[in-house]
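Spelled out, the chains give:
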Amino acid sequence: MSGNSYRINVIDSHTEGEPTRVVIDGAPDIGTGTMAERLPGFVEHADFLRPALLGEPRGFEAMVGALLCDSELEECVCGVIFFNNAGLLNHCLHGTIGLVKTLEFTGKITAGEHRIETPVGVVTATLNPDGSVTVANVPSYRYRESVAVEVPGWGEVKGDIAWGGNWFFLVEGFGPELAQDNISGLSDFTLAVMDALESAGISGENGGRIDHVEVFGPPADEKSDSRNFVMCPGGEYDRSPCGTGTSAKLACLYDAGKLKPGDIWRQSSILNTVFTGSIEPLEGNRVIPLVTGRAWVNGQSVIVIDPNDPFAFGITR
């Protein structure tokens, strides 16, 4: 895209602390079809949005981007493609909550149920009267239980592999203490686990790359049932309790017989913000997770991408 100048309209929000930048207008055409079918078009024509919008000097590494798309499915209010500093994401539930609040902010939706097409399927998001958002996620499940991996510097670490819209390795009882002043140590540990899983050839079903590591521990107070730390692809931790990660946790709890239909699970993040979750059982060990959280729109701007700017497409490291 040498020589082209872009003006990208974005709306920013955060979901329980984790930022989402929604691209409303100005992005290149990435083609038609389902959201999954449009992913190659994003890579070919719009991948420059990732470093340009999410990297310095306009953004920061923990931001998640969401490209708002028209959906060809009549039941869907829109489609969305999520991306971060490392590449495209299969799905992003905190980003879906942020997207819903963005659609409300722009006047496109009001309270009620709204279907949104993602690359991994259609989710139903309910904008509740109190302003919170409940997402009925894609079918989620525990794939493997108590998988052992040798992590340099830490020894053997065991965890469950589960799908919640992304592939997760869920760990409890290993690694540093879950405390906000220990984020650096937790980051080092989870990145080491992620590297070890890849080196050992441990994956999700059908070879799906495990690109999220989630560590659990006891809650910091009585407002939740558990506290987590989630490392995302690209080396940044999730400031929220992680929606797809909470979905994976709910699926594991159900498969272990520790969560029944109608039970509520309150998952807090390392920053002590909370998602609430429950499940609707499907066949076998699969469930539909219902995850509720809050998001706030906190900015609206036009991002100017001038190819004459030496950092037009972000500052690479």
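As shown above, the structure is provided for reference.
Remember, it's a predicted structure, so these values are computed and weren't measured experimentally.

Chemist: Can you help me understand the pattern of salt bridges in this one?
Modeler: Pairing of side chains with opposite charge becomes possible as their charged atoms draw close. Summed over all chains, the structure comprises 14 salt bridges. With a closest N to O distance of 2.9 Å, glutamate 104 and lysine 101 form a salt bridge. One end of the pair, glutamate 104, and the other, lysine 101, are both in helix α3 (residues 93-105), three residues apart, so they sit about a helical turn from each other. The class for lysine 101 is buried, based on a relative accessible area of 12%. Its salt-bridge partner being aspartate 160, residue arginine 142 comes within 2.8 Å of it at the nearest N-O pair. In this pair, arginine 142 sits in strand β9 (residues 141-151) while aspartate 160 sits in strand β10 (residues 155-163), placing the two residues 18 residues apart along the sequence. Taken individually, arginine 142 and aspartate 160 each receive the classification buried, so the pair is uniform in this respect.

Chemist: In this structure, what is going on with the packing of aromatic side chains? I would like to understand it.
Modeler: Geometrically, a pair of aromatic rings is defined through the distance of the ring centres and the angle of the planes. Applying the stated criterion across every chain yields a total of eight aromatic pairs. Ring geometry for phenylalanine 229 and tyrosine 237: centres 5.5 Å apart, planes at 20°, overall stacked. Residue classification places phenylalanine 229 among the buried positions, given a relative accessible area of 0%. Tyrosine 237 sits in the buried class, given a relative accessible area of 12%. Here the aromatic cluster, defined as three or more aromatic residues joined through ring pairs, consists of Tyr141, Tyr143, Trp163 and Trp167. Here the basic side chain of arginine 239 rests over the ring of tyrosine 237, its NZ or CZ set 4.0 Å away from the ring centre. Positioned above the aromatic ring of tyrosine 141 is the side chain of arginine 286, whose terminal nitrogen or guanidinium carbon lies 3.8 Å from the ring centre.

Chemist: What is the right way to read the nonpolar core from this model?
Modeler: One recurring pattern in soluble globular proteins is that nonpolar side chains are buried together. Counting 58 residues, the largest nonpolar core has Ile116, Val149, Phe169, Leu197 and Phe229 as its most contacted members. It is helix α4 (residues 183-199) that provides the largest number of residues to this core, a total of eight residues. If we skip the residues at most four places from it in the chain, valine 149 touches Gly155, Glu156, Val157, Phe169, Ala196, Leu197, Ala200 and Ile202.

Chemist: Which parts of the structure should I look at to understand α4?
Modeler: Residues separated by three or four positions in an α-helix point in the same direction, a consequence of the helix having 3.6 residues per turn. The end-to-end C-alpha distance of α4, which contains 17 residues, comes to 24 Å, matching closely the 24 Å that a straight helix rising 1.5 Å per residue would cover. Looking only at α4, the buried set comprises Ile183, Leu186, Ser187, Phe189, Thr190, Ala192, Val193, Met194, Ala196 and Leu197. Buried residues along α4 sit in contact with β9, β10, β11 (167-172), β12 (212-217) and β13 (226-231).

Chemist: When you look at the layout of surface pockets in this model, what are you seeing that I'm missing?
Modeler: Empty pockets left among the atoms are what a rolling probe the size of a water molecule brings to light. Taken as a whole, the largest pocket encloses approximately 360 Å³ of empty space. The wall of the largest pocket is formed by 20 residues, among which Arg142, Asp160, Glu172, Lys249 and Lys258 lie closest to the centre. For the lining of the largest pocket, the secondary structure elements donating two or more residues are β9, β10, β11, β12 and α5 (243-255). Taken together, the residues of the lining of the largest pocket sort by class into eight nonpolar, four polar and eight charged.

Chemist: Would you mind showing me how to read the side chain of asparagine 228 here?
Modeler: Structurally, asparagine 228 can be placed in strand β13. A polar atom in the side chain of asparagine 228 sits 3.0 Å from the side chain of glutamate 214. Within the local environment of asparagine 228, its side chain forms a polar contact with the backbone oxygen of proline 241, the two atoms lying 2.8 Å apart. With residues near it in sequence (within four places) discarded, asparagine 228 still touches Leu178, Glu214, Val215, Phe216, Ser240, Pro241, Gln267, Ser268, Ser269 and Ile270.

Chemist: Would you mind showing me how to read unusual backbone geometry here?
Modeler: For residues besides glycine, phi is generally negative; the peptide bonds are generally trans as well. The residue after glutamate 56, namely proline 57, is reached through a cis peptide bond having omega 5°. Residue placement: proline 57 occurs in the loop between α2 (49-54) and β3 (64-69). Phi at glutamate 16 takes a positive value of approximately 50°, unusual for a residue other than glycine. You can see glutamate 16 is positioned in the loop between β1 (6-15) and β2 (18-25).

So, how was this worked out
- Residues numbered from 1 in each chain as written.
- Predicted model: local features only at pLDDT ≥ 70, side-chain atom pairs only at ≥ 80, totals over all residues.
- Heavy atoms only, no water.
- Salt bridge = Lys/Arg side-chain N within 4 Å of Asp/Glu carboxyl O.
- Helix = DSSP H or I, 4+ residues; strand = E, 2+ residues; numbered from the N terminus.
- Buried < 20%, exposed > 50% of the residue type's maximum accessible area, 1.4 Å probe, protein only.
- Phe/Tyr/Trp six-rings, centres within 6.5 Å; stacked < 30°, edge-to-face > 60°.
- Lys NZ or Arg CZ within 6 Å of the ring centre and 35° of its normal.
- Core = buried A, V, L, I, M, F, W, Y, C linked by side-chain atoms within 4.5 Å.
- Contact = heavy atoms within 4.5 Å.
- Expected span 1.5 Å × (residues − 1).
- 1 Å grid on protein atoms, 1.4 Å probe; cavity = no way out; pocket = protein on both sides within 12 Å on 5 of 7 lines; lining within 4 Å.
- Points joined across faces, edges and corners; volume = space filled by probe spheres on them.
- Nonpolar A, V, L, I, M, F, W, Y, C, P; charged D, E, K, R; others polar.
- Polar contact = N/O pair within 3.5 Å; in protein donor to acceptor, adjacent residues only side chain to side chain.

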